[in-house]
Every structure is written in C-alpha cells, then in structure tokens.
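Analysis of the macromolecular model
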Protein chains: 2
Amino acid sequence: MSRYWSETTRNLVPYVPGEQPKQPGLIKLNTNENPYGPSPQALEAIQAANCEHLRLYPDPASDALRDTIAGLHNVDRQQVFVGNGSDEVLAHAFNALLCHEAPVLFPDVTYSFYPVYCDLYGIAFEQVPLDEQFQIRLQDYRRQNGGIVFPNPNAPTGIALPLEQIEDLLQANSDSVVLVDEAYVDFGARSVMALVHRYPQLLVVRTLSKSHGLAGLRVGYAVGSPELIEGLTRVKDSFNSYPLGRLAQAGAQAALADSAWFIETRNRIVHSREALCLRMQEMGFEILPSSANFILARHPAIPGEQLAAQLRENNIVVRHFRRPARISAFVRITIGTEAQCDALLTVLVRLVGTRADSAITLD
Amino acid sequence: MSRYWSETTRNLVPYVPGEQPKQPGLIKLNTNENPYGPSPQALEAIQAANCEHLRLYPDPASDALRDTIAGLHNVDRQQVFVGNGSDEVLAHAFNALLCHEAPVLFPDVTYSFYPVYCDLYGIAFEQVPLDEQFQIRLQDYRRQNGGIVFPNPNAPTGIALPLEQIEDLLQANSDSVVLVDEAYVDFGARSVMALVHRYPQLLVVRTLSKSHGLAGLRVGYAVGSPELIEGLTRVKDSFNSYPLGRLAQAGAQAALADSAWFIETRNRIVHSREALCLRMQEMGFEILPSSANFILARHPAIPGEQLAAQLRENNIVVRHFRRPARISAFVRITIGTEAQCDALLTVLVRLVGTRADSAITLD
C-alpha cells in the first residue's frame, strides 16, 4: 500500500483473468478461446494494414468498422460503439450508464469482472441469486435498480435465457439500462439484438474474442439506442481517443464480413460440445445445459479443484473457480478442436472411469 | 442529454483530437505523426504475429515487452507499466495516483487532455500559468498539491525544461506524484528517466506514437518506482486485463529494439525542424524554441486561424488551437519529411512573402 495511491486504488480487488501459460504443448481449455482461429480474410486485412501507414493515428471513431457492424445488425452507425475488447466496452458502460443512486443488479454467479467495475467506479450493486438449477430468474430483477446486467448465455454456467423473458423484463424496466452481455451468444442462445429498435434502455455487448477467434486482437462492441451510444462515446473520448489501432480496425472489419468462416467454425464448436457432453455424461459428469463454447461440469467422485489439478498434470488446462462456493465443485472446460476433445476424454476416462466404475467407487 | 447517463457522463467535456482526414493527397502536419514510419523490424514482427495464434489472448502482463522497455531504461520489469497508447497510461495515472484531496497542478498551456481526465475522475486541478516566454516555471509548483503533471518538452509549445530544474522540484515535492510526460522527449529534451531510481514519486510516461512512428498501433508506457507501477496495475486490472493485443506487443517490442532506425529517423526530423525554423524566421514568423517534432509559430500579418485555413486550401493540414487564448495567434506544425517541409515553405512564401514583403504589408 503506497501513500501515492488514490483512495480508489487502495480499495480495489482487481479481476484475475484465466492463466495464459507460456510453456508450449499444453491443451489450453481455460479461457474460452476459439480453437479454429480467425478468418483467413482477417489475417489478410491485417497484413494489408501492416505497413508504413502505422505511422498515422487510426480513425478515432472507427467509422468503417462501425459501419460493418451496423450493417450486420441492421442498425445505424450511431447505434454502434467499439472498444479495446468487450472488457473495455463493459468498463465504459458501467461508468457512463450504470452509475446511479440505486444499486446495479447482476447474478451472484456470473462474469466476475462486474463487481470489479463497480468497485472501480464506486457503484453500489446487489447480486441476485441463481435458482437451484443455476438459472437466472429475471422476475427477481423487477425492483428498484440503477441498471441490470447479465450475460446471455450466462458465464460460467453456459445457460441461456429465453428471448421472451428478456423482453418481458425490458417492458417492466424502462427507467434504467438493461445490459445484455452476448459474449457467447453465437454458440446457441437467441440474441436480443433486434430489440434495440424498440427499447432505448437496451445495450447489447459483443466480443470478437470468442466466435470470431480474435482474442489476441482485442475488439468488442456495443449496440443500443443513439443516446446510450452517445453516453459511452463521451466517456471514451474522455479516456482515450484512439482505443482501436489500425490493425484491430482492419482485422475486425474483415472477420465480421466473413460469415462463411464464422458459421462453419461456430457449427463445428457446437457439434463438438454436444458430442463431448454425451461422452462426459456417460462417465458420470453432471453438465449444466450449455449454449456457449464452454461447459461447466462436475463429477460426483472428484472435487473440481482436484480435477483441474489432475488435468493439468496431464497437460490439459481448464478453469476452476474457488468462488462463488456454489460452483466450486465444477470445472469450466472450453470446447476445443475434435482432437482436443478426444484427448480430454482419454484423460478423463483414466481419471474417473466410466459411469459404471464411478458407481462402484461411490458404493 | 439522456436520463440513462450517469452524473459523470452528463458533465463531461471530452477531449477533441486533431483531425484524421480521410481524403488522400493531403500533407498531414496536424497530429505530430512521424513522417518516416515505424522500423521495418516492427512490421516484420507484426507479420510474424499475424497468424492463427490471434485466437489466443495476449499475455495480460505484457512481460516480454516490459522486459524490453526495462532493458532500454536500465530498470526492473516491475518498474514498467504499458498501456493502449500513452493516453490510456495517463488516464490510469490520473485515477490511480493523482486523485487526492489537494488539486493536481499542470500548466495553463499544455496537453489539453489533462483537465479532461480530471473531470472524468472528479479530480480538482489548478492550471499554473506559463511565463511571458511561454515557459513552465517550476518554482510556481512548489505548493500544496495532489500531484504535478507536465510534458517535457511541453506541448504545444515545444519548449523543454532543464533536467536540473525538474530534479530541484522532485527534491522539494516528495509527498505527491510528479508525472513527467515525455511524449516528445526524444526530439531534443533531456529525459528524467534515470531519476526514477532516486525519486519514488516520479512517473515518466512515454509513447511509441511519435519518435517510433507507431501512432496507428497504440502503445505507451510508464516507468517509475514499483509502488507507483503497482498502483497503475491495480487500476488496469480493474478496467481491462488485456489492454495490448498480440500485434501491439510484438510490434512495440521490435520497434524499441531497433535503435538504428530510431536514431536515424529522429535525427532527420530534428535536422528538418532546424532548417524549417530558419526559413520561416526569414519570412517573419516567430517560432517558440522547439525540442519536439513540431513547432508553434505565428506570423505578425496573419492570424493563426486564417493561416491554418489558407494552408488547408493548399492541401496542407496544420493544427490551430482557439483555446487557450494565449496561443490562438499560433499554428502548430508537425515536422514532416524534407519534401513536405519544402512544400510547406513554398505555400508559406506565397501566403506571407519574405520578411521584406511582410514588413511592407505591415506598414
């Protein structure tokens, strides 16, 4: 603790991202990266932008990229905000749109960066418990609030909400912003994107890190009413005029334009998830119903922390959350390539056996 | 003004960056970019990193890049902080280190983002007037403060401070952070970098946008005592775990390692600046003594705003600041290539004539 730190800094408990191991040869299934990588057209666009022009500042408003996003979602450019990864977009949203007298509401089991943003900006918040099936109950959010935030599908559960329930909430909650974090929506949930035309309080946040295979480039965006986007832009222009460099703008634009690559790789991941779940259930795993590119799974015979450690000994990295306690029995496993899923299953069989084996173990 | 905006958002007056014109064929001398572009080794390193690995998150701590910076300045890795452009580094510094009860002090004529950060984070500030020669008088900063911030050389004046005066200030001011913004230091000022070993309150901020020709990549950094860097890191890890993507880390590392390119291009810019100043002085321009890659110049016969407009009609873009009023008679001109300087001089001669002509005009 330094006397030079501001009061805010002293009290922060920063977010801890999943490990980015530096040793090669690991099967990395811990931070929900896309095993198939970005569109080749994105790599080509980056290569074309990687030239002497890097001497020049990028377009501070990212107009070309925002036009591409607007076209994709059938909205206007002034309904689109872009940032240095969806984490930055979320940070600005908490500061610009969610800092009011009443507390912000979000689930008790969700993306653990949300309470960190609240601490950073001095925002009161309340964590609303998931139900017994680890589902978000939107009726519990119908009360005084300074904003409502949830991912759809939720993380790290992977469970999606029906679109109709979200629209019901929007109809009941018009005085504060409803932020739907759609980081994982492409893997199976229904998007609320089309509702931005009808609900000025709706902000939809997306990332290119997952379904577009560009976690290393750092691009995220938000779509909403022009008034919400203007609020975000005011904060962004008071923080960093140029959040996206020339390579990020070029690569993101090309990635979003290549729908064929997006659909093919997304479908492969969804197919692998379903196959992996079946096989793991045969081994006795309980798996929450996932609409994401990861699964949250637990086995009756092995605590989550131990399973993560044993997988690591076998060069497979998954994520275990010690907190919240409700999910500490689980591990979160990113869906890899078919070969990576097979390698995972081979190790899991060795560790937990088949369902018959584990039944015997439990006797 | 939207009811969804937070109080902070309502009251912001965002920073307005210099124009990034989209039409081709302009001679762009308005945002202090480097006319020679980045090291070819930086472009090669980016090309090597532009591959399937973009699917993976970058190293959140940017260790390899920070090690390169540490080696360059003879400090340890834990004395180095990196960010998405020096604007982001400055934003985090204001939040983490400069938010205290007493006001932050900075010059009345300086980088106009400083008061914007203060508004964003609710920091009280006082602007300390430059002297009659547009110089920073550091003795005026010897009073109660929550932090002291100034660029060296100052922008947009280009005037550098003697190293001894900064060390005198550091000796007199140990209870709050002294942030020296060395965005332009490579073009002629003496750096305070070596003093970080002796003064734990000193934070030195640098950018790769100017002397390393990488404005389009977005990389900046800070060097200081481990306690200051830890404070910055706490805020960064509460805002965005991955501020620098894989391409930015790779390109910045290679650019910083190529000292030959850096020295050659820097020397050409300094040589062009001196030659340009001589020729413009012959035309009757008054030019503040610049240690930067730009000059602040005024002509007795043409108001700054008019001169900027007339240059624009001739496809040359420079920057005019309407505020603060003390510099509204000037234009700020970035040092371009030799050919760009010649083109500028050709237009200026047509607009203002030689000194003899302008003397006649003034009669």
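Report follows, based on the coordinates. Note that the coordinates shown come from a computational prediction; the quantities given were computed from them, not determined experimentally.

1. Brief notes about the overall build of chain A
Within chain A one finds 12 helices and 12 strands. Relative to the 2.2 N^0.38 estimate, which gives 21 Å for 363 residues, the radius of gyration of chain A is 21 Å and therefore close to what a compact globule would have. On the principal axes, the C-alpha backbone points of chain A span a range of 60 × 50 × 50 Å. Sequence separation of at least 24 residues holds for 72% of the intrachain contacts in chain A that already meet a minimum separation of 6. Of the roughly 13,300 Å² of accessible surface on chain A, a fraction of 50% belongs to carbon and sulfur atoms. Here chain A holds 31 positive side-chain charges and 39 negative ones, and the gap between their average locations is 4 Å.

2. Brief notes about the interface of chain A and chain B
The partner chain B presents 84 residues to the 85 residues of chain A that form the contact. For the pair chain A and chain B, the summed buried area comes to about 6,900 Å², and 54% of that belongs to carbon and sulfur atoms. Joining chain A to chain B, the criterion identifies 6 salt bridges. Between A:Asp63 and B:Lys22 there is a salt bridge; the shortest N-O distance is 2.8 Å. In this structure, the connection of chain A to chain B is made through 56 residue pairs in polar contact (both at pLDDT 80 or more). Of all elements in the fold, only α1 (7–11), α2 (40–49), α4 (86–97), α5 (114–121), α7 (226–236) and α8 (246–257) of chain A reach the threshold of two or more residues within the side of chain A that touches chain B. It is α4(A) that provides the largest number of residues to the side of chain A that touches chain B, a total of 7 residues. Taken together, the residues that form the side of chain A that touches chain B break down as 38 nonpolar, 27 polar and 20 charged.

3. Quick word on the pairing of strand β12 (residues 331–334) of chain A
Residues and elements named next belong to chain A. With burial as the criterion, each face of β12 is covered, one bearing Val-331 and Ile-333 and the other bearing Arg-332 and Thr-334. Where strand β10 (residues 294–298) meets β12, 4 bridges bridge the pair, whose relative direction is antiparallel. Counted as the bridge partner of Ala-297 is Val-331 from β12.

4. Remarks on the nonpolar core
Soluble globular proteins: nonpolar side chains tend toward being buried together. If you look at the biggest cluster of nonpolar residues, it comprises 108 residues, and the most contacted ones within it are A:Phe150, A:Leu202, B:Phe150 and B:Leu202. When residues no more than four places from it in sequence are discounted, the contact partners of B:Phe150 are B:Pro107, B:Tyr114, B:Ile136, B:Leu138, B:Leu161, B:Ile166, B:Leu169, B:Val178, B:Leu179, B:Val180 and B:Asp181. Counting residues in hydrophobic clusters, the runner-up holds 70 residues, among them A:Val89, A:Ile229, B:Val89 and B:Ala96.

Cut-offs and rules
- Position labels on residues start from 1 in each chain and follow its written sequence.
- The lettering of chains begins at A and the numbering of ligands begins at 1, in the order of writing.
- In view of the model being predicted, local features appear only for residues whose pLDDT reaches at least 70, and side-chain atom pairs are presented and counted only at 80 or more, with totals across whole chains, interfaces and linings using the full set of residues.
- In computing side-chain values, all of the structure's heavy atoms are included and hydrogens and water are not.
- Counting from the N terminus, the helices are DSSP H or I runs at least four residues long and the strands are E runs at least two residues long.
- Just to be clear, the radius of gyration here is over C-alpha atoms, and the globule rule we use is 2.2 Å times residues to the power 0.38.
- Two residues form a contact once any of their heavy atoms are found within 4.5 Å.
- For the area figures, the Shrake-Rupley method with a 1.4 Å probe applies, and any residue is considered shielded solely by the protein chains shown.
- Only four residue types enter the tally: Lys and Arg on the positive side, Asp and Glu on the negative side; His and the chain ends are excluded.
- A single reference atom marks each charge: NZ on Lys, CZ on Arg, CG on Asp, CD on Glu.
- Defined in terms of a 1.4 Å probe, buried area is the accessible area two parts forfeit on being brought together, summed over both.
- Within this document, salt bridges are pairs made up of a side-chain nitrogen of Lys or Arg and a carboxyl oxygen of Asp or Glu, the two lying within 4 Å of each other.
- Polar contact is defined as a pair of N or O atoms within 3.5 Å, subject to the rule that within protein one atom must be able to donate a hydrogen and the other to accept it, and that residues adjacent in sequence are counted only when both atoms are side-chain atoms.
- Gly counts as polar in this scheme, as do all residues outside two lists: the nonpolar Ala, Val, Leu, Ile, Met, Phe, Trp, Tyr, Cys and Pro, and the charged Asp, Glu, Lys and Arg.
- Only protein chains enter the accessibility calculation, which uses a 1.4 Å probe; a residue whose area is less than 20% of its type maximum is buried, one above 50% is exposed, and one in between is partly exposed.
- Pairing between strands requires that DSSP locate at least two bridges from one strand to the other.
- For this analysis, a nonpolar core means a set of buried residues of the types Ala, Val, Leu, Ile, Met, Phe, Trp, Tyr and Cys, connected via side-chain atoms within 4.5 Å.

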